[in-house]
Amino acid sequence: MGSNFILPLTAQKEVMNLSLQQTIELAKHQSPDAQTARHSFRSAYWNYKSYRSNYLPSLKLTSTPYLNRAIDKISLEDGKVKFVEQNLLSTDLTLSLSQNIPWTGGTFFIETAAQRMDQFGDHSTSYQTSPVSIGYRQSLFGYNSLKWNRRIEPVRYEEAKAAFITATETVTMNAITYFFNLLSAKETLGTARQNQVNADRLYEVAGAKRKMGQISENELLQLKLAALKARAAVTDAESNLNAHMFRLRSFLAIGNDLILEPVVPESAPNLKMEYNQVLNKALERNSFAHNIRRRQLEAEYEVATARGNLRSVDLFANVGYTGLNKDLSPAYHNLLDNQVVEVGVKIPILDWGKRRGKVRVAKSNRDVTLSKIKKEQMDFDQDIFLLVEHFNNQAQ
């Protein structure tokens with residue numbers, strides 16, 4: 001049985017000797033599956049970075065200039081309504097520094113702002129300034145999304161890292177499968193060709209014996225049929241080899257101008273797996289453990305969200321100074337106190353149990369999720385046990 005093979009219509013192509021280790025390395029570096037895994041993990045990484053930025057100070061500059069040249073309806077002190085022509089330009093600039101507070105879910109901020117008003121009708125200009133303003137926003141009795149994200153997002157990121165490891169190992173397993181499929185197809189072709197040679201020789205010998213009258217015509221025809229079957233087997237083996245080679249080329253992102261020559265590994269490692277060790281490694285590196293933890297937290301988060309929506313109380317407080325003058329520089333002197341406190345309350349009086357029904361739905365969904373997770377954990381442990389047992393049986 002020869003170690004080299006030449007496919008029809010590809011005699012001019014270059015032959016590439018490919019070992020099992022080379023196949024695995026090529027798959028990890030350039031296969032489309034490996035690239036997809038890397039891009040998926042990169043997306044998860046930047047999502048995690050975006051989450052982390054929510055807990056860092058944020059500095060932003062805003063401006064909303066507008067021009068108003070219209071006729072507006074205004075109410076006078078005596079109750080009459082009058083149409084007044086507006087012709088003004090307002091420009092403003094606000095610099096704010098804000099910090100989210102994860103323990104309370106509120107936001108603390110410091111701002112400085114200036115606004116200019118140009119009245120084109122009387123050609124007047126005025127400035128309003130707020131050199132410093134300190135404020136705080138807080139939702140009372142609601143759910144704290146910052147706190148929940150702090151519990152969920154790190155688990156999601158760990159799940160993504162474990163999923164990347166799993167995807168990489170899947171690429172390795174697929175590379176091994178494609179490699180040995182090609183190697184098996186190559187050996188099958190070699191065996192089929194040798195069988196064809198043997199069948200042709202037997203048919204030639206039988207033809208000579210038939211001429212001497214040593215065998216019957218029926219026996220000769222049976223040997224001829226065997227030779228035709230051997231030739232058909234070679235054709236099938238060549239087609240099978242081509243198919244497996246195309247699959248490996250596609251998986252490794254190798255062009256069709258190369259003939260892949262798989263090299264038989266010298267030896268196989270002698271390994272024996274222990275169930276507890278394999279289970280611990282699977283729980284540590286497989287995304288399954290992080291996945292069930294994330295789903296548990298998300299189910300609890302949905303319940304907390306439904307409870308928080310039963311009532312809504314929002315608090316806003318702002319303390320600072322403000323100035324007003326027709327020139328910019330004096331507008332920063334003789335400042336006045338500026339204090340704003342707002343409390344928004346939203347409590348449903350009669351909603352026919354709609355909001356409490358959503359809480360019960362969230363709790364039911366949480367219980368369903370926990371039941372599914374419990375079953376998946378049992379199936380996961382059982383699958384690990386069966387895989388370990390199957391692997392050890394193969395090694396014997």
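Before any of the text, the structure's been laid out above.
Let me sum up the structure you'll find in this document. (Residues numbered from 1 in each chain as written. Predicted model: local features only at pLDDT ≥ 70, side-chain atom pairs only at ≥ 80, totals over all residues. Heavy atoms only, no water.)

## Remarks on the packing of aromatic side chains
Two descriptors summarise a pair of aromatic rings, namely the distance from one centre to the other and the angle between the planes of the rings.
(1) Moving on: As enumerated under the stated definition, the model contains 14 aromatic pairs in all.
(2) Moving on: Each ring, one from Tyr-45 and one from Tyr-157, has its centre 6.4 Å from the other, and the planes form 50 degrees; the classification is tilted. Pair noted here: Tyr-45 is in helix H2 (residues 32-53) and Tyr-157 is in helix H3 (residues 145-211), with a separation of 112 residues, a long-range link.
(3) Moving on: Among the residues examined, Tyr-45 registers a relative accessible area of 29% and is labelled partly exposed.
(4) Moving on: Residue class for Tyr-157 comes out buried when judged on its relative accessible area of 14%.
(5) Moving on: Between Trp-148 and Tyr-301, the ring centres sit 6.0 Å apart and the planes meet at 65 degrees, which makes this aromatic pair edge-to-face. With Trp-148 in helix H3 and Tyr-301 in helix H6 (residues 287-308), the pair connects residues that are 153 residues apart, well separated along the chain. We note that Trp-148, like Tyr-301, is buried. (Phe/Tyr/Trp six-rings, centres within 6.5 Å; stacked < 30°, edge-to-face > 60°. Helix = DSSP H or I, 4+ residues; strand = E, 2+ residues; numbered from the N terminus. Buried < 20%, exposed > 50% of the residue type's maximum accessible area, 1.4 Å probe, protein only.)

## Here we look at H3
Residue pairs spaced three or four apart in an α-helix point in one direction, given the helix's 3.6 residues per turn.
(1) Moving on: With 67 residues, H3 should cover 99 Å at 1.5 Å per step; its first-to-last C-alpha distance of 95 Å lies within 8% of that length.
(2) Moving on: Of the residues flanking the start of H3, the one acting as N-cap is Asn-144, its side-chain oxygen 3.1 Å from the backbone nitrogen of Leu-146.
(3) Moving on: Count one or two residues on from H3 and you reach Gly-213, which has phi positive near 75 degrees. (Expected span 1.5 Å × (residues − 1). Polar contact = N/O pair within 3.5 Å; in protein donor to acceptor, adjacent residues only side chain to side chain.)

## Some details on the pairing of strand E4 (residues 81-101)
(1) Moving on: Here five bridges tie strand E2 (residues 58-62) to E4, and the two strands are oriented antiparallel to one another. Note that in E4 the partner of Leu-61 across the bridge is Leu-95.
(2) Moving on: Sheet analysis places strand E3 (residues 66-75) next to E4, joined by 10 bridges and oriented antiparallel. When the bridges of E4 are listed, Ile-74 appears paired with Lys-82. (Pairing = 2+ DSSP bridges.)

## A short note on unusual backbone geometry
(1) Moving on: The backbone of His-123 shows a phi angle near 55 degrees, a positive value even though the residue is not glycine.
(2) Moving on: Relative to the assigned elements, His-123 resides in the loop between strand E5 (106-119) and strand E6 (124-140).
(3) Moving on: Assessed through its relative accessible area of 71%, His-123 is described here as exposed.
(4) Moving on: A positive phi is found at Ala-253, a non-glycine position, where the angle reads about 60 degrees.
(5) Moving on: Its location among the elements puts Ala-253 in the loop between helix H4 (217-252) and strand E7 (258-262).

## Remarks on the environment of Ser-364
(1) Moving on: Along the chain, Ser-364 turns up in helix H7 (residues 354-395).
(2) Moving on: Note on Ser-364: relative accessible area 41%, which makes it partly exposed.
(3) Moving on: For the pair formed by Ser-364 and Ala-232, sequence separation is 132 residues and the distance between their alpha carbons is 63 Å.

## Describing the nonpolar core
(1) Moving on: Core analysis: the biggest nonpolar cluster contains 20 residues, and Ala-27, Leu-182, Leu-248, Phe-251, Leu-252 and Leu-260 have the highest contact counts within it.
(2) Moving on: It is H4 that provides the largest number of residues to this core, a total of seven residues.
(3) Moving on: Excluding residues within four positions of it along the chain, Ala-27 makes contact with Ala-34, Val-171, Ala-175, Phe-251 and Leu-252. (Core = buried A, V, L, I, M, F, W, Y, C linked by side-chain atoms within 4.5 Å. Contact = heavy atoms within 4.5 Å.)

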